[in-house]
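Residues per chain, in single letters:
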Amino acid sequence: MSFFERVKQDFYTFTWVLIAVAIVLNIVVGQLVSLLKLPVFLDSIGTVLVGVLAGPWAGGLAGLLTNLIWGMFTSPVAAAFAPVAMVIGIAAGYTARYNLFRHWWLAIIAGIIITVFNAVVAVPIRLYMFGGITGSGADFVTAYMLALGKDLFGSVVVTVFTSNIVDKVVTAVLVCGIIKALPARLQARFTPCPVAG
Amino acid sequence: MQPARLTLYVEGTSWLHSRHPFSKLAYILLTGVVVYCAPGGWIPDAAILTLNIILAAHCRVLLPLWKLSWRTLLPLSIFMLPIHGLLFPHNHTPVCTVFTVTLYAEGLHFAATILLQLAAILTASLLFVYTTHPAGYITALTQAGWPPFVSYLLGSPLLMLPAMRARTATIQAAQRARGLDSEAGITSRIRALAPLVTPLVLGAFAEVEQRAIALELRGFSSTTLRTSLREVQDSSQERLARRLMLVTSTGLILYALTKHYLEDFI
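Scoring rules and cut-offs
Residues numbered from 1 in each chain as written. Chains lettered and ligands numbered in written order. Predicted model: local features only at pLDDT ≥ 70, side-chain atom pairs only at ≥ 80, totals over all residues. Heavy atoms only, no water. Helix = DSSP H or I, 4+ residues; strand = E, 2+ residues; numbered from the N terminus. Rg over C-alpha atoms; globule rule 2.2 N^0.38 Å. Buried < 20%, exposed > 50% of the residue type's maximum accessible area, 1.4 Å probe, protein only. Pairing = 2+ DSSP bridges. Core = buried A, V, L, I, M, F, W, Y, C linked by side-chain atoms within 4.5 Å. Contact = heavy atoms within 4.5 Å. Salt bridge = Lys/Arg side-chain N within 4 Å of Asp/Glu carboxyl O. Polar contact = N/O pair within 3.5 Å; in protein donor to acceptor, adjacent residues only side chain to side chain. Nonpolar A, V, L, I, M, F, W, Y, C, P; charged D, E, K, R; others polar. pLDDT = per-residue confidence, 0-100. Expected span 1.5 Å × (residues − 1). Axes fitted to C-alpha atoms, helices over the stretch in contact; angles between N-to-C directions. Parallel < 35°, antiparallel > 145°, perpendicular 65-115°, else oblique.

J.: It is not clear to me how the overall build of chain B should be interpreted in this structure. Could you clarify?
T.: Per the secondary structure count, chain B includes nine helices and two strands. Seen in sequence order, chain B has helices and strands lined up from the N terminus as α-α-α-α-β-β-α-α-α-α-α. For a compact globule of 266 residues, the expected C-alpha radius of gyration is about 18 Å, and chain B comes in at 25 Å, more than 25% above that figure. With respect to the three principal axes, the spread of C-alpha positions in chain B is 65 × 65 × 40 Å.

Dropping the structure here:
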C-alpha cells in the first residue's frame, strides 16, 4: 500500500467530525482543569485522542487546526506553535500503533515519547522565532539554565522538556483511561482498535 | 452563534475588509519571509511594522490591534529584555551596571531584534484576523475548489464552542456539588482529574456519530459544486498582486538559502 493510500485510509466523514470535536475539546479542557490548580493544561488531549483512535494523520490535522483556530481568536502566539501541535498528534498515532495505549504504565512511555517529538519541533521555533523566551512561567527555567552557564540551545531544550513532560504524561494516561471507558459501540467504529481486552 | 465574541473580527467596510482572504494570507506569508530572509537587518522589519500600523489606522482597527499587540508583546519584553540583557551567552559589551548586575549590549540588541520581528508578524496576522469574517475565508476556500471537509473543520469548531463551554461549566458545578475539593492535597487533586475530564470527552464523543450521520444525509461527501449565499469579491489585479507576493517570497527564500550556503562554503 502506498503512503498516500495509507493516509487516505485514516479519513471518512466520521473522522472529520471527530477531529472537529477534538479541536473544541483541546480549547475548553484547560478551563475545566484550571479548577484543580495543577501544573497541567491538557491542551492536547483531543489531539492525542484523535491520534490514537483515528490514526497519526488525523491526529496531526487536529493539532495543527487547533492552534490555527486558537490563533485566530485569542492568542496569536499559539498559531506559531501549530507545527508542534501537529507533531504531538502524529507521535500519539504512531505510539498507539505500537500498542502503547493498552495499559496505563505503557501510556507513561507514550507520554515521554510524545514529549521528545514535541521538543524536536518546539525547540527550533522557540529558539529562532522567539529567541528562547515566550513570556510564560517556563522562562524562569531558561533564565536559570543560562545563569548556570549553559548556551541558549541547551537552556531551551531543558525548558521545553521539563515544562511538557508532566503535562504530556498525564494526557497520555488520561487518554488511555478514556479509551477504556468508551462505549463498545463507539470503539468498534475505529478499525485498528488499539485496546486489547 | 455570536462571531463577534468568538473571533477577533471587527465589523467594517474598509479597504482591507473587502480584500480577498487569500490576498491577506499571502501578505502574512510575505511578511514572515521578509522578516526572516530579507537583507538589511532590522530596517525591513521596521518598515513592515510601520506599514501595518498605517493600514490598521486606515481600516479603523488600530485600537484593538494596538491593545492586543501590547498584551502579547509586553509580557514577552518583560522576560526577554532582562534575561538576554543579563545572561545572553555572547554578551561582552557592558551598557550599564547597577550594584553587581550588568546589562550587556549584545543581549539587548538580540532581544530587541526578535521583538521587532515578532511585532511585524503579529500585526500582519492581526490585520487578517480583524478584517476577515470566518465565513469569508471559508467561502473563499470552497470557491477555490477545496474539498468541503476543509471548510467544515475550520468553521464547525467555532459553532460548537459555546455549547461545549456551557457543558464545561455544568461539569464543574456538578463535580463540586459531589464534593470535589479544589483546595485539597495534591494527590486528591490529581485523582479528581479523571472524573472532571472523562465526562466532558465521553459526552462530546457521544455526539460524533449523530453529527456524522447528519452531515452524510446532507450530502457532505458529494463532490458536485454548490452555490453559496455568500460571494467573496476577487479581481484580476488582486490575483496579480497575490502572484507577485508569492514570487517575491519564493525569491527571498532562495536568496537566503544561497547566501547561507555560500557563507558555509567560503
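J.: Just checking my understanding: could you explain the overall build of chain A for this structure?
T.: Helix and strand counts for chain A come out as ten helices and zero strands. Secondary structure of chain A in N-to-C order comes out as α-α-α-α-α-α-α-α-α-α. The C-alpha atoms of chain A give a radius of gyration of 17 Å, which matches the 16 Å a tight globule of 197 residues would have. The principal-axis extent of the C-alpha atoms belonging to chain A is close to 55 × 35 × 35 Å. Classification of the 197 residues of chain A by burial places 60% in the buried group.

J.: Where do I start with the pairing of strand S2 (residues 101-104) of chain B in this structure?
T.: It is a general feature of regular strands that their side chains alternate between the two faces of the sheet. Residues and elements named next belong to chain B. Bridging between strand S1 (residues 94-98) and S2 involves four bridges; their strand directions are antiparallel. Bridging from a neighbouring strand, Val98 pairs with Val101 of S2. Taking the residues that link successive antiparallel strands as the turn, the S1-S2 hairpin has two residues, and the phi of Phe99 there is positive, at about 50°.

J.: Sorry, what's going on with unusual backbone geometry here?
T.: Excluding glycine, a negative phi dihedral is what most residues carry, and trans is how most peptide bonds are arranged. The phi angle at Asn99 of chain A is positive, at roughly 65°, despite the residue not being glycine. Mapping Asn99 of chain A onto the fold places it in the loop between helix H6 (82-97) and helix H7 (104-130). Residue class for Asn99 of chain A comes out partly exposed when judged on its relative accessible area of 32%. Backbone geometry places Arg60 of chain B, a non-glycine residue, at a positive phi of 60°. If you trace the backbone, Arg60 of chain B turns up in the loop between helix H3 (42-58) and helix H4 (62-87).

J.: Can you walk me through the nonpolar core in this structure?
T.: Taken as a class, soluble globular proteins show a tendency for nonpolar side chains to be buried jointly. Phe101 of chain A together with Tyr152, Val197 and Phe205 of chain B are the most contacted members of the largest nonpolar core, which totals 139 residues. The greatest single-element share of this core, amounting to 16 residues, is contributed by helix H2 (residues 13-33) of chain A. Not counting the four nearest positions on each side in its chain, Phe101 of chain A is found in contact with Val48, Val52, Ala92, Thr95, Ala96, Ala110, Ile114, Ala172, Val175 and Cys176 of chain A.

J.: I'm lost on the interface of chain B and chain A in this one. Help?
T.: Quoted interface sizes are often the accessible area lost when the parts come together. Counting residues at the interface gives 64 residues for chain B and 58 residues for chain A. Across the contact surface, chain B and chain A share zero salt bridges. On inspection of chain B and its partner chain A, the count reaches six residue pairs in polar contact (both at pLDDT 80 or more). Per-element accounting of the side of chain B that touches chain A gives the leading share, 21 residues, to helix H8 (residues 186-217) of chain B. Of the residues contributing to the side of chain B that touches chain A, the split by class is 48 nonpolar, nine polar and seven charged.

J.: What exactly am I supposed to notice about the confidence of the model for chain B here?
T.: Low-confidence regions, as indicated by low pLDDT, have predicted coordinates that should not be scrutinised in detail. All names here are of chain B. Taken over all residues, the pLDDT of chain B has a mean of 86, while the share at 70 or more is 97%. At the low end of the mean pLDDT range in chain B sits helix H1 (residues 3-6), at 51; at the high end sits H3, at 92. Interface confidence for the predicted complex, given as ipTM, is 0.83, next to a pTM of 0.86.

J.: Can you help me understand H6 of chain A in this one?
T.: For an α-helix, the turn length of 3.6 residues means that residues three or four places apart are oriented alike. Residues and elements named next belong to chain A. In this model H6 runs 23 Å from its N-terminal to its C-terminal C-alpha over 16 residues, within 8% of the 22 Å that 1.5 Å per residue would give. With respect to burial, H6 is a largely interior element, twelve of its 16 residues being buried. Three or more residues of H6 are buried, namely Ala82, Val84, Ala85, Val87, Ile88, Gly89, Ile90, Ala91, Ala92, Gly93, Thr95 and Ala96. The secondary structure elements touched by the buried residues of H6 are helix H3 (45-54), helix H4 (56-73), helix H5 (76-80), H7 and helix H9 (152-181). The first or second residue beyond H6 is Asn99, which carries a positive phi of 65°.

J.: Honestly, the environment of Val52 of chain A in this entry has me stumped. Any pointers?
T.: Residue position: Val52 of chain A is located in helix H3. Expressed as a C-alpha distance, the spacing of Val52 of chain A and Tyr94 of chain A, which sit 42 residues apart in the sequence, is 7.9 Å.

J.: Mind showing me how you'd approach the packing of H4 of chain A against helix H7 (residues 148-177) of chain B here?
T.: For any two helices packed against each other, one specifies the inter-axial angle together with the distance between the axes. In contact at an axis separation of 11 Å, H4 of chain A and H7 of chain B are set at 70° when each is read in the N-to-C sense. By the angle between their axes, H4 of chain A is roughly perpendicular relative to H7 of chain B. Each of Leu61, Leu65, Ile69 and Phe73 of chain A in H4 of chain A lies in contact with H7 of chain B, whose residues at this interface are Leu153, Leu154, Pro157, Leu158, Leu161 and Arg165 of chain B. The residue makeup of the contact of H4 of chain A with H7 of chain B, split by class, is nine nonpolar, no polar and one charged.

J.: Is there a simple way to explain the packing of H2 of chain A against H3 of chain A in this structure?
T.: All names here are of chain A. Look at H2 against H3: their axes get within 7 Å of each other, and the N-to-C directions meet at 155°. The pairing of H2 with H3 is recorded here as roughly antiparallel in orientation. On H3, the residues touching Thr15, Leu18, Ile19, Ala22, Asn26 and Val29 of H2 are Ile45, Gly46, Thr47, Val50 and Ala54. Residues that form the contact of H2 with H3 fall into these classes: seven nonpolar, four polar and no charged.

J.: Help me out: how do you make sense of the pattern of salt bridges in this one?
T.: If charged atoms from side chains of opposite charge come close, those side chains can pair. All names here are of chain B. Under the definition given, this model contains seven salt bridges over all chains. With its nearest N and O atoms 2.9 Å apart, the salt bridge here joins Arg19 to Glu238. A residue pair is termed long-range when its members are at least 10 positions apart, and Arg19 in the loop between H1 and helix H2 (21-37) and Glu238 in helix H9 (residues 236-265) qualify at 219 residues. In this structure, the salt-bridge partner of Glu207 is Arg211, at a minimum N-O distance of 3.5 Å. Residue Glu207 and its partner Arg211 are both found in helix H8; the two are separated by four residues, about one turn of the helix. Of the residues examined, Glu207 reaches a relative accessible area of 26% and is grouped as partly exposed.

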